[in-house]
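Each chain is listed here by its residues.
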Amino acid sequence: AYQTLIPDTSIHGRKRGIIMTAISAKERFLPYIVMGAVILMYVAKVIVKLNVGNFVNSPVITGDAYHNASDILEAILVITVIALARRPPNWKYPFGRKNIESIFELAVGLSLTYLAFRVLTQSLGGILAYFPLLNNEAKKFIPLPEHETLLMGPEYFWWVLGTMAGSAVLSVIASTVQIKVGKRFGHASLVADGQETRSDGVIESVAVVGILGEYGLNMPIIEYILGLGVTVLLTRTAFGLMARGWRTLLQRSIGKEHEEKISKIVKKTYCVVEVAELKTFKIGSMPILIMKVTTRCSAEAELDIKSALASRINEYMIANEFPEWDYYIRFDKPSPNRYRIAFAVISTNAVE
């Protein structure tokens, strides 16, 4: 891949440009191919987990199967969101529609929060089942699900272990590809869905540890204790996604540190006196830079200066995982340096 500058004209009539990664026509379909493979993975997981989970009365496996079923609809939504986010800017949407991906991040965060609550109640229900008196009191205040005893034995072990271990491996592979492709093409929705898939892998990996402990020590309670740890991990991921989506929707700046470094890059450019103003925010995953630059150069030289600024800033943006960004630059002249000059006046026709 290489970087290219695509010229455009802003609604204010000033020249601007969109810096983005050049991709081939074949690569443009890569996010859709990835999500299609993810959908097939979820379908296979749902079929296997429902059968095995109901067979052994495992709330973790069965619950995870229903969660994967909702992931199928979510994956279809990701494809729709990506298609909408890729539509070019127009007079109605001068910055494009990339903010729809931030809305999706919020939705995924809320979905993970709900999943964390389900895992928490199932885990608490399993633990309290070992303490009948405490369980009866807790149910007066907390709507815990009914606990069903796990079926355990050699005839179930390999089915249960193979299901969750295989599912965990698939989740890790799928999430890695989703996050990598999402960052490569600047699709926050694909990255968010990849992070949720990674959370699925964490749950499944913990379930594998619980299964080994259950069958090795004949202690089903291990699955529920580990479930409490999974709740913490899910909650952290959920709040991270919601915070990032919320900050983007509120058009928060990309950060003081980034703005200071960009200002230094601009100031080092020939003919630039100072950066009079710099404002930054995001549309989806794409940063927007609005600058007022003071220069003593002529108007004819401004296009060359703008091209040089775009090239230098682009190197910094790529290094900080911003593959696509947009900018608006306005040039101003420095304030006139007003002062008085005294001249000695000598008259040769002096009157005596």
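Re the state of the cysteines
Enumeration over the complete set of coordinates arrives at one disulfide. The disulfide partner of C271 is C297, and the S-S distance across this bridge is 1.7 Å. Across the S-S bond of C271 and C297 the torsion is about 50 degrees, and the bridge reads as right-handed. With C271 in the loop between α9 (256-267) and β3 (272-283) and C297 in the loop between β4 (286-295) and α10 (302-319), this residue pair connects regions lying 26 residues apart in the sequence. For C297, a relative accessible area of 12% translates into the label buried.

Overview of a nonpolar patch on the surface
A cluster of nonpolar side chains, namely F29, L30 and I33, defines an oily patch on the protein surface of about 300 Å² accessible area. Structurally, the position occupied by I33 is in helix α2 (residues 30-56). Here I33 falls in the exposed class, since its relative accessible area comes to 55%.

Observations concerning the packing of aromatic side chains
On inspection of all chains with the given rule, the structure shows two aromatic pairs. Ring centres 4.9 Å apart and planes at 75 degrees place the aromatic pair F157 and W158 in the edge-to-face group. A centroid spacing of 5.5 Å and a plane angle of 40 degrees characterise the contact between W325 and Y327, whose relative ring orientation is tilted. A relative accessible area of 1% places W325 in the buried class. Residue Y327 is classed as buried on the basis of its relative accessible area, which comes to 3%. Its guanidinium or amino end placed over the ring of F185, R184 lies 5.0 Å from that ring's centre, counting from NZ or CZ.

Calculation criteria
Residues numbered from 1 in each chain as written. Predicted model: local features only at pLDDT ≥ 70, side-chain atom pairs only at ≥ 80, totals over all residues. Heavy atoms only, no water. Disulfide = S-S within 2.5 Å. Helix = DSSP H or I, 4+ residues; strand = E, 2+ residues; numbered from the N terminus. Buried < 20%, exposed > 50% of the residue type's maximum accessible area, 1.4 Å probe, protein only. Patch = residues over 30% accessible without salt bridge, like charges linked within 9 Å, V, L, I, M, F, W, Y side chains within 5 Å. Areas by Shrake-Rupley, 256 points an atom, 1.4 Å probe, with all protein chains shown as cover. Salt bridge = Lys/Arg side-chain N within 4 Å of Asp/Glu carboxyl O. Phe/Tyr/Trp six-rings, centres within 6.5 Å; stacked < 30°, edge-to-face > 60°. Lys NZ or Arg CZ within 6 Å of the ring centre and 35° of its normal.

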